[in-house]
Amino acid sequence: MRVLIRNCERIILGLDPVTVTEGPDILVEDGLVKEVGKIDPLSHPDAVTVDGSGTLAMPGNVCSHHHYYSGLSRGIMADIGPTPDFISTLQQLWWRIDRALDPESIYYSSLICSIDAIRAGTTTVIDHHSSPNCISGSLDAIRDGFMETGLRGMTCYEVSDRNRGMDEVSEGIEENLRFIARLEREAASGIPMMEAAIGGHAPFTIPDAGLDMMRAAVEESGRGIHMHIAEDLYDLSFSHDRYRRDLVARLHEKGLIDSMSLLVHGLYLSDDDIAIVNDADGFLIHNARSNMNNHVGYCTRLPAVRNSALGTDGIGADMFEEFKFAFFKNRDAGSPLWPDDYLSALNRGNEILRRYFRGRFGYIEPGSVADIILLDYHSPTPLTADNFAGHLAFGLGSASVKTVLINGKVVMENREFPFDIENIYREAAKHAGS
């Protein structure tokens, strides 16, 4: 399939480093960028034409950590007990919600979250799933939401013993491996639309025997772990009390820290923990809005992390907004990082995709994956490679997203989807109410 995007005003050719060119056209073929420059439409009469007049084209954003299972919890009015700390919030709210999920609610959560991601200019979401009373097949329901909307995605099941001990751990491991085996059976030529990791909730809900099983799953699948760490001081205290180890040191001793590792939050990591992650070339995913919402603290050690990336921890998939919150919270906390540093963190989501999907993500140039967004962004000041990060912090946002291509396919054009989203929202509301 060919798509010809015509008459762009400007194109961000890459985010590392930022490279800006004055349009005008982009030819996409079989999911990859074929050509950038002035292109004669008569030479490609079979191409689907997309009007990019006056737009800014850039690589799509990546949400490096999401929780699709929270997709139907927006505006929730829950009758819960006191939540004076983070653990009670988990027990009284989030662990009750994930226990209530069934295949239909998981599916509609995935659909809604995927539609919202595309609308915000996010072309890939890395999900982290939990549904303790509906483990087997749950990742298939999430996959279906991704595939039906055209969003690229990764997912995993978060292994935990918090409800049924080692039986629950085993079921979580089996679901991860079963789903990965399905993806490998379905794999075709070209860049896949879905990938997977080996999920884990947090170290304080995974005993050593569970970590051993996760290591075996990592070795069998060739994937890395996707796990919350040090989101709250409790995780740290538990590790020291129960295992006499720092968090990451414990995982490292179990052979779980490598260049495919996606470690989430990390607010209270030690110097040694950060050194282990850096030496392994792993990732730490920062979730500024979620940390603020849960009142767990601020990741003051973020400047010491080599591969920081940005996620939302379930608060939507608007990475323009997440970028702004991350930067301004950083300023409020007196951190030395600047918009360019957070642009690098946003772009590292593409590096995660390069390692898992093995394609050239984060560029608009021949041979790169055609995950592209077009934005109506009319700035009263110049937009250059040197100040693009500043435009992200102080101007450019998801309201400007006009058209989205993923894997070379138009999934939203002129803010319209090629399917009936109103019916999807109506059905989702029914499941949310139940």
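This text follows the structure it describes.
What you are looking at is a predicted structure, and each value in this text was computed from that prediction instead of being measured. All residue numbers refer to positions counted from 1 along the written sequence of the respective chain. This being a predicted model, a pLDDT of at least 70 is required before a residue's local features are given, and a value of 80 or more before pairs of side-chain atoms are given or counted; all residues contribute to the totals for chains, interfaces and linings. Excluding hydrogens and water, the side-chain values take into account all heavy atoms of the structure.

Participant: Help me understand the packing of aromatic side chains in this model?
Facilitator: For any two aromatic rings, the description comes down to two numbers: the centre-to-centre distance and the angle of the planes. Here a pair means two rings of Phe, Tyr or Trp (six-membered ring of Trp) with centres within 6.5 Å. Their orientation is stacked below 30 degrees between planes, edge-to-face above 60, and tilted elsewhere. Under the definition given, this model contains 12 aromatic pairs. Judged by centre distance (6.0 Å) and plane angle (35 degrees), the ring pair of Y234 and F238 falls under tilted. Note that Y234 and F238 are positioned in helix 6 (residues 233-243) at a spacing of four residues, about one turn of the helix. Accessible area is worked out with a 1.4 Å probe on protein chains only. A residue is then buried under 20% of its type maximum, exposed over 50%, and partly exposed in between. For F238, a relative accessible area of 16% puts it in the buried group. Here a set of aromatic residues connected by ring pairs shows up, and it is made of F204, Y234, F238 and Y243. A positively charged side chain is recorded as over a ring if its NZ (Lys) or CZ (Arg) lies within 6 Å of the ring centre. The angle to the ring normal must also be within 35 degrees. Just above the ring of W338 sits the side chain of R331; from NZ or CZ to the centre is 4.7 Å. For R360, the ring lying beneath its charged end belongs to Y363, and the centroid distance is 3.9 Å. Put simply, DSSP marks the helices as runs of H or I at least four residues long and the strands as runs of E at least two long, and each gets a number from the N terminus on.

Participant: How do you make sense of helix 4 (residues 166-186) when you look at a structure like this?
Facilitator: What sets the pattern is the α-helix's 3.6 residues per turn: residues three or four places apart point alike. Helix span, as expected, comes to 1.5 Å for every residue beyond the first. In a regular helix each residue adds 1.5 Å, so 21 residues correspond to 30 Å; helix 4 covers 30 Å between its end C-alpha atoms and thus fits that length. Every buried residue belonging to helix 4 is among E168, V169, G172, I173, E175, N176, L177, F179, I180, R182 and L183, and all of these are buried. In what follows, residue pairs with any heavy atoms lying within 4.5 Å of each other are defined as contacts. In this fold, the buried residues of helix 4 make contact with helix 3 (138-149), strand 10 (152-155), strand 11 (194-196), strand 12 (198-200) and helix 5 (208-221).

Participant: How should I be thinking about the pattern of salt bridges in this particular structure?
Facilitator: Where charged atoms of side chains with opposite charge meet at close range, the side chains can pair. In the sections that follow, a salt bridge refers to a side-chain nitrogen of Lys or Arg positioned within 4 Å of a carboxyl oxygen of Asp or Glu. Under the counting rule described, the total for this entry stands at 31 salt bridges. Between R152 and D371 there is a salt bridge, with the nearest N and O atoms lying 2.9 Å from each other. Remark: D371 occurs in the loop between helix 11 (339-357) and strand 17 (372-375) and R152 occurs in strand 10; sequence separation between them is 219 residues. Here R152 and D371 have matching classes, each one buried. Put simply, D332 and K329 hold a salt bridge, and the shortest N to O gap is 3.7 Å. Remark: K329 and D332 occur in helix 10 (residues 319-332); sequence separation between them is three residues, near one turn of the helix. By relative accessible area, D332 is classed as exposed at 62%.

Participant: Would you mind showing me how to read the sheet that holds strand 2 (residues 10-15) here?
Facilitator: Each strand in a sheet pairs with its neighbour through backbone hydrogen bonds, running either in the same direction (parallel) or in the opposite one (antiparallel). Strand order in this open sheet of six strands is 3-2-7-17-18-19, and the pairing throughout is mixed. One side of each edge strand has no neighbouring strand; the edge strands of this open sheet are strand 3 (18-21) and strand 19 (409-412). On average, adjacent strands in this sheet sit at an angle of 25 degrees to one another, irrespective of strand direction. One requirement defines pairing of two strands: DSSP has to find at least two bridges between them. As defined by bridge partners, strand 2 adjoins strand 3 across four bridges and the pair is classed as antiparallel. In the sheet register, I12 faces strand 3, and the bridge partner there is V20. The axes are straight lines fitted to the C-alpha atoms, using for helices just the contacting stretch, and the angles between their N-to-C directions are given from 0 to 180°.

Participant: Looking at this structure, how should I read helix 6?
Facilitator: Turning to helix 6, its buried residues number three or more, namely D235, L236, F238, S239 and Y243. In a view along the axis of helix 6, the buried residues occupy a sector of 165 degrees, so they form one face of it. Buried-residue contacts for helix 6 involve helix 5, strand 13 (225-229) and helix 7 (247-253). Phi for R244, located one or two positions after helix 6, is positive at around 55 degrees. Arc definition: it is the arc formed by the directions from the helix axis to the C-beta atoms.

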